[in-house]
Amino acid sequence: MGHKPVLLDEVVSAMAPKDGETLVDGTYGGGGYARALLAAAKCRVIGIDRDLDAIERATVAAEKEPRLVPVLGRFGEMLALVEEAGFSQVDAITLDLGVSSFQLDQAERGFSFMRDGPLDMRMGRSGPSAADVVNQMEERDLATIFFRLGEEKQSRRIARAIVQRRLKAPFTTTLDLADLIEEVLGGRRGSRTHPATRSFQAIRMFVNDELGELARALEASERLLNEGGRLVIVTFHSLEDRMVKLFMRERAGLQGGGSRHLPKKDDVAQPSFDMPSKKAIEPSEAELEENPRSRSSKLRVAVRTDAPPMNRPVSTGVDLPSLDLVEASS
(Lines give C-alpha, C1' and ligand atoms only; values in the text may rest on other atoms or scores of the structure.)
Protein backbone atom coordinates (compact mmCIF):
# COMPACT_ATOMS: atom_id res chain seq x y z
CA MET A 1 0.00 0.00 0.00
CA GLY A 2 2.96 2.35 0.51
CA HIS A 3 1.75 3.37 3.99
CA LYS A 4 3.81 2.29 6.98
CA PRO A 5 2.04 2.19 10.35
CA VAL A 6 3.70 4.29 13.03
CA LEU A 7 5.50 2.48 15.87
CA LEU A 8 4.43 -0.86 14.38
CA ASP A 9 6.90 -3.08 16.21
CA GLU A 10 6.26 -1.30 19.50
CA VAL A 11 2.48 -1.64 19.11
CA VAL A 12 2.67 -5.37 18.35
CA SER A 13 5.03 -5.90 21.31
CA ALA A 14 2.70 -4.03 23.67
CA MET A 15 -0.40 -5.81 22.35
CA ALA A 16 1.43 -9.14 22.92
CA PRO A 17 -1.08 -11.23 20.93
CA LYS A 18 -1.49 -14.87 21.96
CA ASP A 19 -3.14 -17.82 20.25
CA GLY A 20 -6.89 -17.86 20.80
CA GLU A 21 -7.18 -14.25 21.90
CA THR A 22 -9.58 -11.64 20.53
CA LEU A 23 -8.08 -8.21 19.83
CA VAL A 24 -9.55 -4.91 18.69
CA ASP A 25 -7.91 -2.60 16.17
CA GLY A 26 -10.16 0.41 16.63
CA THR A 27 -8.61 2.40 13.79
CA TYR A 28 -8.20 -0.17 11.03
CA GLY A 29 -7.19 2.30 8.30
CA GLY A 30 -4.90 0.48 5.91
CA GLY A 31 -4.79 -2.63 8.07
CA GLY A 32 -1.10 -2.46 8.95
CA TYR A 33 -1.52 -3.15 12.67
CA ALA A 34 -4.16 -5.82 12.07
CA ARG A 35 -1.99 -7.71 9.60
CA ALA A 36 0.98 -7.65 11.96
CA LEU A 37 -1.12 -8.83 14.90
CA LEU A 38 -2.65 -11.67 12.91
CA ALA A 39 0.82 -12.72 11.76
CA ALA A 40 2.17 -12.69 15.31
CA ALA A 41 -0.31 -15.23 16.73
CA LYS A 42 -3.34 -17.36 15.90
CA CYS A 43 -5.62 -14.68 17.26
CA ARG A 44 -8.75 -12.91 16.01
CA VAL A 45 -8.78 -9.16 15.25
CA ILE A 46 -11.94 -7.05 15.19
CA GLY A 47 -11.10 -4.22 12.78
CA ILE A 48 -13.21 -1.14 13.47
CA ASP A 49 -13.27 2.01 11.35
CA ARG A 50 -15.83 4.73 10.70
CA ASP A 51 -14.46 5.20 7.18
CA LEU A 52 -16.31 3.03 4.67
CA ASP A 53 -13.23 2.92 2.42
CA ALA A 54 -11.22 1.35 5.24
CA ILE A 55 -13.90 -1.25 5.93
CA GLU A 56 -14.08 -2.11 2.24
CA ARG A 57 -10.33 -2.78 2.35
CA ALA A 58 -10.83 -4.86 5.49
CA THR A 59 -13.64 -6.84 3.88
CA VAL A 60 -11.40 -7.75 0.95
CA ALA A 61 -8.63 -8.76 3.37
CA ALA A 62 -11.08 -10.85 5.44
CA GLU A 63 -11.91 -12.97 2.41
CA LYS A 64 -8.36 -14.31 2.56
CA GLU A 65 -7.98 -14.10 6.35
CA PRO A 66 -11.17 -15.11 8.19
CA ARG A 67 -9.62 -14.27 11.57
CA LEU A 68 -10.15 -10.61 10.65
CA VAL A 69 -13.63 -9.31 11.53
CA PRO A 70 -14.38 -5.96 9.80
CA VAL A 71 -16.85 -3.67 11.61
CA LEU A 72 -18.07 -0.30 10.34
CA GLY A 73 -18.47 2.25 13.13
CA ARG A 74 -16.82 4.71 15.50
CA PHE A 75 -14.36 3.37 18.04
CA GLY A 76 -16.18 5.41 20.65
CA GLU A 77 -19.01 2.89 20.14
CA MET A 78 -16.75 -0.11 20.80
CA LEU A 79 -18.98 -1.63 23.47
CA ALA A 80 -21.94 -1.96 21.12
CA LEU A 81 -19.84 -2.79 18.05
CA VAL A 82 -17.94 -5.61 19.77
CA GLU A 83 -21.19 -7.02 21.13
CA GLU A 84 -22.79 -6.87 17.67
CA ALA A 85 -19.77 -8.76 16.34
CA GLY A 86 -20.56 -11.55 18.81
CA PHE A 87 -18.11 -10.86 21.66
CA SER A 88 -18.51 -9.61 25.22
CA GLN A 89 -14.85 -9.21 26.27
CA VAL A 90 -11.54 -8.78 24.44
CA ASP A 91 -7.88 -9.29 25.31
CA ALA A 92 -6.27 -6.18 23.82
CA ILE A 93 -7.27 -2.89 22.18
CA THR A 94 -5.17 -0.58 20.03
CA LEU A 95 -5.98 2.87 18.65
CA ASP A 96 -3.90 4.89 16.19
CA LEU A 97 -5.46 8.32 16.55
CA GLY A 98 -5.77 11.10 14.01
CA VAL A 99 -6.16 11.12 10.25
CA SER A 100 -4.84 8.23 8.17
CA SER A 101 -2.40 8.51 5.28
CA PHE A 102 -5.11 7.11 2.99
CA GLN A 103 -7.42 9.98 3.88
CA LEU A 104 -4.71 12.61 3.46
CA ASP A 105 -3.71 11.23 0.08
CA GLN A 106 -7.23 11.39 -1.37
CA ALA A 107 -7.90 14.94 -2.51
CA GLU A 108 -11.64 14.28 -2.73
CA ARG A 109 -11.78 13.66 1.04
CA GLY A 110 -10.75 17.26 1.72
CA PHE A 111 -8.35 16.59 4.59
CA SER A 112 -5.21 18.09 3.08
CA PHE A 113 -4.36 21.59 1.91
CA MET A 114 -1.59 20.07 -0.21
CA ARG A 115 -4.16 18.77 -2.73
CA ASP A 116 -7.13 20.81 -3.85
CA GLY A 117 -10.46 19.15 -3.19
CA PRO A 118 -13.86 19.71 -1.62
CA LEU A 119 -13.68 21.10 1.92
CA ASP A 120 -15.03 17.95 3.59
CA MET A 121 -12.83 16.24 6.26
CA ARG A 122 -15.57 13.87 7.48
CA MET A 123 -14.13 10.47 8.35
CA GLY A 124 -17.56 8.88 8.24
CA ARG A 125 -18.93 11.02 5.39
CA SER A 126 -22.06 11.98 7.33
CA GLY A 127 -23.08 15.05 9.29
CA PRO A 128 -21.74 18.60 8.88
CA SER A 129 -18.60 18.94 6.76
CA ALA A 130 -15.65 21.27 7.20
CA ALA A 131 -17.26 23.61 4.65
CA ASP A 132 -20.44 23.71 6.74
CA VAL A 133 -18.42 24.61 9.85
CA VAL A 134 -16.35 27.29 8.13
CA ASN A 135 -19.35 28.86 6.40
CA GLN A 136 -21.83 28.75 9.31
CA MET A 137 -20.05 29.02 12.66
CA GLU A 138 -19.97 32.35 14.48
CA GLU A 139 -16.64 34.17 14.44
CA ARG A 140 -16.16 33.66 18.18
CA ASP A 141 -16.80 29.92 17.91
CA LEU A 142 -14.41 29.52 14.98
CA ALA A 143 -11.71 31.29 16.95
CA THR A 144 -12.34 28.97 19.90
CA ILE A 145 -11.97 25.90 17.69
CA PHE A 146 -8.73 27.15 16.14
CA PHE A 147 -7.25 28.13 19.49
CA ARG A 148 -8.23 25.11 21.57
CA LEU A 149 -7.90 22.30 19.05
CA GLY A 150 -5.21 23.77 16.80
CA GLU A 151 -3.35 25.77 19.44
CA GLU A 152 -3.31 28.55 16.85
CA LYS A 153 -2.13 31.84 18.39
CA GLN A 154 -3.66 33.89 15.57
CA SER A 155 -7.06 32.22 15.93
CA ARG A 156 -9.05 35.46 16.16
CA ARG A 157 -7.43 36.99 13.09
CA ILE A 158 -8.10 33.87 11.06
CA ALA A 159 -11.73 33.59 12.22
CA ARG A 160 -12.35 37.27 11.46
CA ALA A 161 -10.90 36.93 7.97
CA ILE A 162 -12.99 33.82 7.25
CA VAL A 163 -16.22 35.54 8.28
CA GLN A 164 -15.43 38.62 6.20
CA ARG A 165 -14.51 36.58 3.11
CA ARG A 166 -17.51 34.26 3.24
CA LEU A 167 -19.83 37.29 2.94
CA LYS A 168 -18.63 37.48 -0.67
CA ALA A 169 -18.56 33.75 -1.43
CA PRO A 170 -18.70 30.57 0.66
CA PHE A 171 -15.62 28.39 1.07
CA THR A 172 -15.90 25.20 -0.96
CA THR A 173 -12.36 23.88 -1.49
CA THR A 174 -9.32 23.11 0.64
CA LEU A 175 -6.97 25.44 -1.24
CA ASP A 176 -9.46 28.29 -1.04
CA LEU A 177 -9.35 28.13 2.75
CA ALA A 178 -5.63 27.36 2.96
CA ASP A 179 -4.75 30.30 0.73
CA LEU A 180 -6.77 32.70 2.87
CA ILE A 181 -5.12 31.48 6.09
CA GLU A 182 -1.67 31.76 4.51
CA GLU A 183 -2.45 35.32 3.44
CA VAL A 184 -3.72 36.25 6.91
CA LEU A 185 -0.58 34.88 8.56
CA GLY A 186 1.79 36.53 6.10
CA GLY A 187 3.05 33.42 4.33
CA ARG A 188 5.41 30.77 5.59
CA ARG A 189 8.16 33.12 6.77
CA GLY A 190 10.73 30.35 6.60
CA SER A 191 8.60 27.83 8.49
CA ARG A 192 8.80 24.17 7.46
CA THR A 193 5.06 23.75 7.98
CA HIS A 194 2.23 25.36 6.06
CA PRO A 195 0.53 28.25 7.92
CA ALA A 196 -2.84 26.46 7.61
CA THR A 197 -1.65 23.27 9.35
CA ARG A 198 -2.98 24.06 12.82
CA SER A 199 -6.29 25.46 11.55
CA PHE A 200 -6.96 22.45 9.31
CA GLN A 201 -6.14 20.11 12.20
CA ALA A 202 -8.57 21.98 14.44
CA ILE A 203 -11.43 21.86 11.92
CA ARG A 204 -10.87 18.14 11.29
CA MET A 205 -10.85 17.32 14.99
CA PHE A 206 -14.02 19.36 15.53
CA VAL A 207 -15.93 17.95 12.55
CA ASN A 208 -15.19 14.38 13.66
CA ASP A 209 -15.55 14.99 17.43
CA GLU A 210 -12.18 13.29 17.85
CA LEU A 211 -11.70 14.13 21.53
CA GLY A 212 -15.24 13.03 22.37
CA GLU A 213 -14.71 9.75 20.52
CA LEU A 214 -11.49 9.16 22.43
CA ALA A 215 -13.17 9.83 25.77
CA ARG A 216 -15.91 7.31 24.98
CA ALA A 217 -13.36 4.74 23.76
CA LEU A 218 -11.32 5.03 26.96
CA GLU A 219 -14.42 4.45 29.06
CA ALA A 220 -15.38 1.46 26.89
CA SER A 221 -11.92 -0.10 27.17
CA GLU A 222 -12.26 -0.37 30.94
CA ARG A 223 -15.39 -2.49 30.52
CA LEU A 224 -14.32 -4.49 27.48
CA LEU A 225 -10.87 -5.71 28.49
CA ASN A 226 -10.37 -9.00 30.30
CA GLU A 227 -8.03 -9.18 33.27
CA GLY A 228 -4.55 -8.83 31.82
CA GLY A 229 -5.95 -7.10 28.72
CA ARG A 230 -3.71 -4.55 27.07
CA LEU A 231 -4.72 -1.01 26.10
CA VAL A 232 -2.27 0.39 23.53
CA ILE A 233 -2.79 3.90 22.14
CA VAL A 234 -0.76 5.94 19.66
CA THR A 235 -1.38 9.69 19.76
CA PHE A 236 -0.16 12.55 17.57
CA HIS A 237 -1.71 15.54 19.35
CA SER A 238 -0.90 16.99 22.77
CA LEU A 239 -4.57 17.11 23.82
CA GLU A 240 -5.09 13.45 22.93
CA ASP A 241 -1.90 12.38 24.66
CA ARG A 242 -2.88 14.31 27.78
CA MET A 243 -6.29 12.61 27.86
CA VAL A 244 -4.75 9.15 27.49
CA LYS A 245 -2.05 9.85 30.08
CA LEU A 246 -4.51 11.22 32.65
CA PHE A 247 -6.95 8.33 32.10
CA MET A 248 -4.27 5.67 32.52
CA ARG A 249 -2.73 7.36 35.56
CA GLU A 250 -6.09 7.85 37.27
CA ARG A 251 -7.23 4.28 36.59
CA ALA A 252 -3.85 3.04 37.83
CA GLY A 253 -4.18 5.01 41.08
CA LEU A 254 -1.24 7.27 40.25
CA GLN A 255 -2.97 10.63 40.51
CA GLY A 256 -2.01 11.17 44.13
CA GLY A 257 -4.09 10.64 47.21
CA GLY A 258 -4.84 13.63 49.34
CA SER A 259 -2.63 16.04 51.26
CA ARG A 260 -2.22 17.34 54.80
CA HIS A 261 -5.29 19.49 54.13
CA LEU A 262 -7.31 16.74 52.45
CA PRO A 263 -6.37 13.28 53.78
CA LYS A 264 -6.53 10.28 51.48
CA LYS A 265 -9.87 8.49 51.55
CA ASP A 266 -9.99 4.87 52.67
CA ASP A 267 -12.74 3.98 50.19
CA VAL A 268 -10.81 4.80 47.01
CA ALA A 269 -11.66 2.37 44.20
CA GLN A 270 -9.09 -0.29 43.42
CA PRO A 271 -6.99 0.48 40.32
CA SER A 272 -8.58 -0.94 37.18
CA PHE A 273 -5.33 -0.66 35.20
CA ASP A 274 -1.61 -1.06 35.76
CA MET A 275 0.95 0.96 33.83
CA PRO A 276 4.09 -0.96 32.82
CA SER A 277 5.78 2.42 32.30
CA LYS A 278 4.76 5.95 33.20
CA LYS A 279 6.66 7.27 30.20
CA ALA A 280 5.39 7.31 26.65
CA ILE A 281 7.24 5.32 23.98
CA GLU A 282 8.48 7.49 21.12
CA PRO A 283 9.75 6.54 17.65
CA SER A 284 13.40 5.72 17.14
CA GLU A 285 15.72 7.92 15.10
CA ALA A 286 15.61 5.31 12.35
CA GLU A 287 11.81 5.45 12.16
CA LEU A 288 11.79 9.24 12.23
CA GLU A 289 14.10 9.27 9.24
CA GLU A 290 12.13 6.61 7.37
CA ASN A 291 8.63 7.80 8.26
CA PRO A 292 8.23 11.57 8.89
CA ARG A 293 4.58 11.00 9.91
CA SER A 294 5.84 9.44 13.14
CA ARG A 295 7.43 12.72 14.24
CA SER A 296 4.90 13.69 16.95
CA SER A 297 3.70 10.18 17.83
CA LYS A 298 3.63 8.77 21.35
CA LEU A 299 2.58 5.33 22.50
CA ARG A 300 1.12 4.65 25.94
CA VAL A 301 0.24 1.28 27.43
CA ALA A 302 -1.95 0.12 30.32
CA VAL A 303 -2.90 -3.39 31.46
CA ARG A 304 -6.32 -4.26 32.91
CA THR A 305 -6.42 -5.54 36.48
CA ASP A 306 -9.06 -7.76 38.07
CA ALA A 307 -10.74 -4.79 39.77
CA PRO A 308 -14.24 -3.78 38.63
CA PRO A 309 -14.54 -0.78 36.29
CA MET A 310 -14.44 2.58 38.04
CA ASN A 311 -17.10 3.82 35.60
CA ARG A 312 -15.94 7.41 35.94
CA PRO A 313 -16.59 9.74 33.01
CA VAL A 314 -13.55 10.79 30.99
CA SER A 315 -13.27 14.50 30.28
CA THR A 316 -11.86 15.88 27.05
CA GLY A 317 -10.47 18.76 29.08
CA VAL A 318 -11.59 21.20 26.38
CA ASP A 319 -14.77 23.29 26.15
CA LEU A 320 -15.95 23.62 22.57
CA PRO A 321 -18.99 24.92 20.70
CA SER A 322 -21.55 22.29 19.79
CA LEU A 323 -21.45 20.75 16.31
CA ASP A 324 -25.25 20.73 16.58
CA LEU A 325 -25.11 24.45 15.79
CA VAL A 326 -24.10 23.54 12.25
CA GLU A 327 -26.50 22.18 9.64
CA ALA A 328 -25.23 19.62 7.18
CA SER A 329 -25.56 20.78 3.59
CA SER A 330 -27.38 18.51 1.19
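None of these values were measured; they are calculated from a predicted model.

### Describing the nonpolar core
And step 1. Ile-46, Met-78, Ile-162, Leu-177 and Leu-231 are the most contacted members of the largest nonpolar core, which totals 67 residues.
And step 2. Sort the elements by how many residues they give to this core and helix H11 (residues 210-224) lands first, with seven residues.
And step 3. Not counting chain neighbours up to four residues away, the residues in contact with Leu-231 comprise Ile-93, Leu-218, Ser-221, Leu-225, Phe-247, Met-248, Phe-273, Arg-300, Val-301 and Ala-302.
And step 4. If you look at the next biggest cluster of nonpolar residues, it comprises 26 residues, including Ala-92, Val-234, Leu-299 and Val-301.

### Thoughts on the pattern of salt bridges
And step 1. Within this structure, the stated rule accounts for 15 salt bridges.
And step 2. In this structure, Glu-65 engages Arg-67 in a salt bridge whose closest nitrogen and oxygen atoms are separated by 3.2 Å.
And step 3. Owing to a relative accessible area of 24%, Glu-65 belongs among the partly exposed residues under this scheme.
And step 4. A residue is classified by how much of its surface remains accessible, and Arg-67, at 26% relative accessible area, is partly exposed.
And step 5. Between Glu-250 and Arg-312 there is a salt bridge; the shortest N-O distance is 3.2 Å. Note that Glu-250 is positioned in helix H12 (residues 238-251) and Arg-312 in the segment after strand S7 (298-304), a separation of 62 residues in sequence.
And step 6. On the accessibility criterion, Arg-312 (31% relative accessible area) is partly exposed.
And step 7. Taken together, the shared-partner salt bridges in this structure form one network comprising Arg-74, Asp-209, Glu-213 and Arg-216.

### Remarks on the pairing of strand S4 (residues 90-96)
For a regular strand, side chains alternate in direction, first toward one face of the sheet and then toward the other.
And step 1. Judged by how many residues are buried, S4 sits mostly within the fold: seven of seven residues are covered.
And step 2. Where strand S1 (residues 22-25) lies against S4, three bridges are found, and the strand directions are parallel. Note on S4: the bridge partner recorded for Val-24 is Ile-93.
And step 3. The pairing of S4 with strand S5 (residues 225-235) spans six bridges and is parallel. Counterpart to Asp-96 in the pairing with S5 is Val-234.

The rules behind the values
Residues numbered from 1 in each chain as written. Predicted model: local features only at pLDDT ≥ 70, side-chain atom pairs only at ≥ 80, totals over all residues. Heavy atoms only, no water. Core = buried A, V, L, I, M, F, W, Y, C linked by side-chain atoms within 4.5 Å. Buried < 20%, exposed > 50% of the residue type's maximum accessible area, 1.4 Å probe, protein only. Helix = DSSP H or I, 4+ residues; strand = E, 2+ residues; numbered from the N terminus. Contact = heavy atoms within 4.5 Å. Salt bridge = Lys/Arg side-chain N within 4 Å of Asp/Glu carboxyl O. Pairing = 2+ DSSP bridges.

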